[in-house]
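# Geometric and topological summary
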Amino acid sequence: MKARILVSLKESVLDPQGQTVRNALLTLGYRFIQDVRQGKVFEIELDDIPEAEVRRLIPEIAAKVLANPIIEQFSWEILNPDKKGR
């Protein structure tokens, strides 16, 4: 089983890298871009454990290790919940 965790800055936190990318896109003529927020993506391959346990552990792992709860938020998904192994 595999899980994907998306970590991004909270909306209230200034994102200078996102602003730099936005400015570059505007310079290149993409005038429809209003905002860009940068973040991180983690894909975690898991042993064959029950899906209920995965649903309990992934948010715990994200909150304790992958995201800084002061400035970041996270979301997650199970990529292949019905498949066994890889």
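Note: the structure precedes this text.
Described in the following lines is the structure provided in the data block.

## A look at a nonpolar patch on the surface
- Residues L28, Y30 and F32 make up a contiguous nonpolar surface patch of about 380 Å² in total accessible area.
- Here L28 lies in the loop between α1 (16-27) and β2 (39-45).

## Some words on the nonpolar core
- Counting residues in each nonpolar core, the largest one holds eleven residues, listed as M1, A3, I5, V7, L46, V54, I58, A62, L66, A67 and I78.
- For this core, the element with the most residues is helix α2 (residues 51-66), which contributes four residues.
- Contacts of V54, omitting those with residues within four sequence positions, involve M1, L46, I49, P59 and I78.

## Details of the side chain of D15
- Relative to the assigned elements, D15 resides in the loop between β1 (2-9) and α1.
- Buried and unpaired, D15 has no salt bridge, with R37 as the nearest side chain of opposite charge at 4.1 Å.
- In contact with D15, not counting residues within four places along its chain, are L9, V36, R37 and Q38.

## Some thoughts on the side chain of E72
- Position of E72 among the secondary structure elements: in strand β3 (residues 72-78).
- On the accessibility criterion, E72 (13% relative accessible area) is buried.
- Here K40 takes part through its side chain, which lies 3.2 Å from a polar atom of the side chain of E72.
- Excluding anything up to four places from it in sequence, E72 contacts V7, S8, L9, K10, K40, L66 and A67.

## Comments concerning the pattern of salt bridges
- Using the criterion set out here, one finds eight salt bridges in the structure.
- Here E45 ties to K2 by a salt bridge, and the two come within 3.9 Å at their closest N and O atoms. One end of the pair, E45, is in strand β2; the other, K2, is in strand β1, with 43 residues separating them in the sequence.
- For E45, a relative accessible area of 33% translates into the label partly exposed.
- A relative accessible area of 27% means that K2 is categorised as partly exposed.
- The salt bridge partner of R4 is E77, with a shortest N-O separation of 3.4 Å. You can see R4 sitting in strand β1 and its partner E77 sitting in strand β3, a full 73 residues away along the chain.
- Take E77: its relative accessible area is 36%, and that puts it in the partly exposed class.
- A cluster of three or more residues bridged by salt bridges with shared partners is formed by K2, R4, E43, E45 and E77.

Conventions adopted
Residues numbered from 1 in each chain as written. Predicted model: local features only at pLDDT ≥ 70, side-chain atom pairs only at ≥ 80, totals over all residues. Heavy atoms only, no water. Patch = residues over 30% accessible without salt bridge, like charges linked within 9 Å, V, L, I, M, F, W, Y side chains within 5 Å. Areas by Shrake-Rupley, 256 points an atom, 1.4 Å probe, with all protein chains shown as cover. Salt bridge = Lys/Arg side-chain N within 4 Å of Asp/Glu carboxyl O. Helix = DSSP H or I, 4+ residues; strand = E, 2+ residues; numbered from the N terminus. Core = buried A, V, L, I, M, F, W, Y, C linked by side-chain atoms within 4.5 Å. Buried < 20%, exposed > 50% of the residue type's maximum accessible area, 1.4 Å probe, protein only. Contact = heavy atoms within 4.5 Å. Lys, Arg positive; Asp, Glu negative; His and termini not counted. Polar contact = N/O pair within 3.5 Å; in protein donor to acceptor, adjacent residues only side chain to side chain.

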